[in-house]
Structures are given as structure tokens and as C-alpha cells.
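# A look at the structure
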Amino acid sequence: RRCLMQVLIEALDDPDAEPCGRCSTCTGTLPGPGAAPSDSGMAAALEFLQRRRHDLEPRKLWPKSVSRRGRISAAGPGRAVCFANDPAWPHLVTELSSPDAAPSKELIDAVCSLLGQWRPERPDVIVPVPVLGQEQRTAGLAQQLSERFGIPVADRFTWTGPPVPAALSSSVHVQHVERQLTFAGDPVNGRVLLLAATGRSLWTTTVAAALLRESGANEVLPLVVHRLP
């Protein structure tokens, strides 16, 4: 290999181009942090990545051919712990794509940390969103949040039938959710933390938020653990 600075100087037609004597090619060593970053540096980088905000912008308009019309005022701005193949949370991404099971300590701590950092107005109640294949994990997360933050859990939603097929238009997607997602039980009042293990289009949480607002909730704050691409 040749010194890059020498190559650049030669490209400028300088006949006296010489190696710079300072780059890694000339010295044979890499500048800091070198080939292997320190443990403290790696820990700081991971902490930085894990504290990045993943905002969930609420849907603005109902699509055509669904039961609701016009502007959507159901859910407020939400948050996600991780997005897509997030390098900050490889174990969480793997866990949430695995068969349903009780949530791991890392998953519980990550969700609790997000809620602690986010700190919207204190929710009055936690309502889980049924995600097929994530029922046990979601229930465990809701219970842990309830115990750590002293917020009650209201399990009001039931999903019947098949999951939403992939690659649907928004109108067909919402129609499917409206058929399968039902709200039952006492009305939910106050400020609601709407908890979902995963979500992609956010139409399920949007319909769930609408049902909650129609039951008497003042505000709905979606928290999706893994936002899918």
C-alpha cells in the first residue's frame, strides 16, 4: 500500500511527492482507538445508541372505506424502544422475533427505562394491545411496568381470527383490524399508556386508541417495543 497523501500530491503533478510519515500506512500502526476500542468506549457508544429517540408519529387521516371518517385524533405521539434491525438492541430484536415467552430482564429493563426517560404526564392506566404470537411477552411487560411505576393494568382488548396479512393497503388493513379487534369491559378513563410488543404500520394501535377514546380515555400514548420496518 502507498501513502494516500503521497498519491494525492502526485495527482497534483508534484514531482517531489513523498510519504507523509504520519498516517497508518507510513507508521504501521492505527491511531486511537486503534483496532480494538476500549471497553469503556464501547460501553459509552452502546449507551449513546440505546438512548436515541424513536418517535411514533400518529396517523393523520382515516383511509377510505372504513367505519371512521376524516382526521384522526385518537393517539398522541408515541415512542418505540428499537427500530428495524437496531444495532443498539440486537438481543431485543432477536427476542421479539422468537416464539412467545415471558419477557427477559433485558427487555423489561429497556421498556422501563424508556418510560422513565420519556416521562409524559403520568399515565393513569396501562392497556396492552393484543399482538398475535406476543401475548405472554406483552402481558409480562405490562405487569412489570405496573409493579415498577405503580400504574394499574386494564386488559380490555381481544383479537379474534387471523392476523393481518402482509402488504395490505391502508383501507383493507384497517377494515381487517376493525373486524378482529374488540373492546370489552368497563370504560377506561384518564390518560392511557397503550403497550404493544411490535408494530409496523401502527394501524392496529390507531384503531385501539380510537376505541379507547370512544370509551372515555382523555389521552392515549402508544409505546411500541419494536417498530418494524
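Structural notes, computed from the coordinates. Just so you know, these numbers come straight off a predicted model, no measurement behind them.

For the rest of this paragraph, the subject is the overall build of the chain. Check the secondary structure of the chain and you find 8 helices and 7 strands. The dimensions of the chain, computed from C-alpha atoms along their principal axes, are 85 × 40 × 35 Å. Taking all 229 residues of the chain together, the buried fraction comes to 41%. On the chain, roughly 12700 Å² of surface is accessible, and the fraction owed to carbon and sulfur atoms is 54%.

Relative to each other, helix α7 (residues 170–180) and helix α8 (residues 203–215) sit at 50°, their axes nearing to 10 Å. Viewed along their axes, α7 and α8 adopt a mutual orientation that is oblique. Taken as a pair, α7 and α8 cross one another with a handedness that is right-handed. Residues Ser170, His173, Val174, Val177 and Glu178 of α7 lie in contact with α8, whose contacting residues are Trp203, Thr204 and Val207. Of the residues that constitute the contact of α7 with α8, the class distribution is 4 nonpolar, 3 polar and 1 charged.

With that out of the way, let us pick up helix α5 (residues 105–118). For α5, which comprises 14 residues, the first-to-last C-alpha distance of 20 Å matches the rise-based estimate of 20 Å (1.5 Å per residue) to within 8%. Where α5 is concerned, the buried positions are Leu107, Ile108, Ala110, Val111, Cys112, Leu114, Leu115, Gly116 and Trp118.

On to α7. Of the positions making up α7, those classed as buried are Ser171, His173, Val174, His176, Val177 and Gln180. Looking at the buried side of α7, the elements it contacts are β4 (157–159), β5 (181–183) and α8.

Conventions used here
- Residues numbered from 1 in each chain as written.
- Predicted model: local features only at pLDDT ≥ 70, side-chain atom pairs only at ≥ 80, totals over all residues.
- Heavy atoms only, no water.
- Helix = DSSP H or I, 4+ residues; strand = E, 2+ residues; numbered from the N terminus.
- Buried < 20%, exposed > 50% of the residue type's maximum accessible area, 1.4 Å probe, protein only.
- Areas by Shrake-Rupley, 256 points an atom, 1.4 Å probe, with all protein chains shown as cover.
- Axes fitted to C-alpha atoms, helices over the stretch in contact; angles between N-to-C directions.
- Parallel < 35°, antiparallel > 145°, perpendicular 65-115°, else oblique.
- Left-handed = near helix turned anticlockwise from the far one by under 90°.
- Contact = heavy atoms within 4.5 Å.
- Nonpolar A, V, L, I, M, F, W, Y, C, P; charged D, E, K, R; others polar.
- Expected span 1.5 Å × (residues − 1).

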